[in-house]
Amino acid sequence: KNKMFVKNKIIDQVSILTIQREEALNALNPDVLKELDSMLEKQISDRNVGSIIITGSGEKAFIAGADIKLMMGYDVDQAYEFGKLGQKLTLAIENSSKPVIAAVNGFALGGGCEIAISCHIRYASENAFFAQPEVKLGIIPGWGGTQRLPKIVGKGNATELIIGGHMINSKEALRIGLVNRIVSSEKLIDESINFCKELQKNGPTSISNSLKCINNSYDNSLVDGLEIELEAFSNSFCSEETNEGLSAFVDKRKPKFKK
Ligand code: CAA
């Protein structure tokens, strides 16, 4: 019961969450989902954490999806609860005030791909593979795949992936915009950390406001979204962070933002 499915290590204020269920290619059952959810919440509220990386243990898989063996015994209500748990987690990732980067180190299938696309940015190793293979199992994506994938890769690419169920490699994923960058396997975590460290030099409130406005562009009309952007833009002008950022430029020095 107390088995730790998620390992946490903090390097230079970058918190790395590693899913540890290598024997099942890091497939997610409710216990892993809950642990990941609570670990994520902890990182978001930890003042010593500036950004978060999610990755999988081992060299083969990021996350091979929801636990198929477990789902086999599910009835409608259990499937609903399982779906809801995954949707709660993917929403928490997406709504995180701190940037969450998926370091995709291998298979990102089904629910694994859905976790990756709820992250703000995706770095993939050369050996990464992506798929929404649910239709091959007679099910459909349940943790946001039908909603988020079209917004990231466009409706046509998303439809092809979701009703085709086929796997694509990292090059193809890069081509359709599913990943931001391809990195060699050995360098994946280091490069992800370096990117996070660069991010962390920027104003933290500016980052969280940007993430919020970008997420709002999903749900709102252009006019409403613009209003939310304008509020966040203008309100920052009474903040120390904005004052520091603008004065540093004028003084020709690097800004020093408070965490
Ligand atoms: N759930 C449970 N166990 C899984 C799993 C999953 N999603 N994926 C892999 N495993 C287990 C395998 O059953 C196997 O366990 P045993 O040794 O006990 O048999 C172990 O992990 C190693 O896997 P394989 O032997 O299959 O490894 P492989 O190299 O031959 O194949 C693979 C790798 C192509 C990733 C293959 O494991 C695979 O196709 N996995 C399933 C992927 C999938 O369909 N994911 C979507 C799940 S549905 C979903 O996620 C719904 C949703 O939207 C929420």
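Residues numbered from 1 in each chain as written. Predicted model: local features only at pLDDT ≥ 70, side-chain atom pairs only at ≥ 80, totals over all residues. Heavy atoms only, no water.

Asker: Please give an account of the environment of G86 that cites residues and values.
Answerer: With respect to the helices and strands, G86 occurs in helix α3 (residues 76–94). Looking at G86, the relative accessible area reads 0%, which means it is buried. Ignoring any residue separated from it by four or fewer positions in sequence, one finds G86 in contact with L33 and W143. (Helix = DSSP H or I, 4+ residues; strand = E, 2+ residues; numbered from the N terminus. Buried < 20%, exposed > 50% of the residue type's maximum accessible area, 1.4 Å probe, protein only. Contact = heavy atoms within 4.5 Å.)

Asker: Describe the site of the ligand, with residues and values.
Answerer: Surveying the vicinity of the ligand reveals 24 residues, the closest of which are K60, A64, G111, E114 and E134. A distance of 3.5 Å is found between an oxygen atom of the ligand and a backbone nitrogen or oxygen belonging to E23. For the ligand, whose accessible area on its own is 990 Å², the fraction buried by protein is 66%. Contributing elements (two or more residues each) for the shell around the ligand: α2 (68–71), β6 (107–109) and α4 (111–118). Its residues assigned to classes, the shell around the ligand comprises 14 nonpolar, four polar and six charged. (Near = heavy atom within 4 Å. Polar contact = N/O pair within 3.5 Å; in protein donor to acceptor, adjacent residues only side chain to side chain. Areas by Shrake-Rupley, 256 points an atom, 1.4 Å probe, with all protein chains shown as cover. Nonpolar A, V, L, I, M, F, W, Y, C, P; charged D, E, K, R; others polar.)

Asker: Kindly report on the pattern of salt bridges, identifying the contributing residues and their values.
Answerer: Using the criterion set out here, one finds nine salt bridges in the structure. With its nearest N and O atoms 3.1 Å apart, the salt bridge here joins K197 to D12. With K197 in helix α8 (residues 188–199) and D12 in the loop between β1 (6–11) and β2 (14–19), this residue pair connects regions lying 185 residues apart in the sequence. Judged by its relative accessible area of 45%, D12 is partly exposed. Via salt bridges that share partners, E244, D251 and R253 belong to a single interconnected network. (Salt bridge = Lys/Arg side-chain N within 4 Å of Asp/Glu carboxyl O.)

Asker: Could you give me a rundown of the packing of helix α1 (residues 30–45) against α3, with the residues and numbers involved?
Answerer: Across the interface, α1 lies against α3 with an axial gap of 10 Å and an inter-helix angle of 20°. With respect to α3, the element α1 is oriented roughly parallel. As α1 packs across α3, the resulting crossing turns out to be left-handed. Note on element contacts: α3 touches α1 through F82, L85, G86, K88, L89, A92 and I93, opposite P30, L33, K34, L36, D37, L40, E41 and I44. Each residue belonging to the contact of α1 with α3 can be placed in one class, and the counts come to ten nonpolar, one polar and four charged. (Axes fitted to C-alpha atoms, helices over the stretch in contact; angles between N-to-C directions. Parallel < 35°, antiparallel > 145°, perpendicular 65-115°, else oblique. Left-handed = near helix turned anticlockwise from the far one by under 90°.)

Asker: Lay out the packing of α3 against α4 in plain terms, naming residues and giving numbers.
Answerer: Interaxial distance between α3 and α4 falls to 8 Å at its minimum, and their mutual angle equals 25°. Taken as axis vectors, α3 and α4 run roughly parallel relative to one another. Between α3 and α4, the contacting residues are L89, T90, I93 and E94 on the first element and E114, I115 and S118 on the second.

Asker: Explain the sheet that holds β1 to me, using residue names and the numbers behind them.
Answerer: Sheet architecture is open: six strands sit in the order β1-β2-β3-β5-β7-β10, paired in mixed fashion. For this open sheet the edge positions go to β1 and β10 (181–183), each flanked by a neighbour on one side alone. Neighbour-to-neighbour, the strand axes of this sheet turn through a mean angle of 25°, independent of strand direction. Relative to β2, β1 runs antiparallel, the two sharing six bridges. The residue bridging V6 from the neighbouring strand is I19, located in β2. (Pairing = 2+ DSSP bridges.)

Asker: Before we move on, can you summarise the sheet that holds β6 with the specific residues and values?
Answerer: An order of β4-β6-β8-β9 is seen for the four strands of this open sheet, with the pairing classed as mixed. Each edge of the sheet is formed by a strand with only one pairing partner; in this case those strands are β4 (61–63) and β9 (168–169). The pairing of β6 with strand β8 (residues 129–131) spans three bridges and is parallel. Bridge pairing in β8 places F107 opposite F129.

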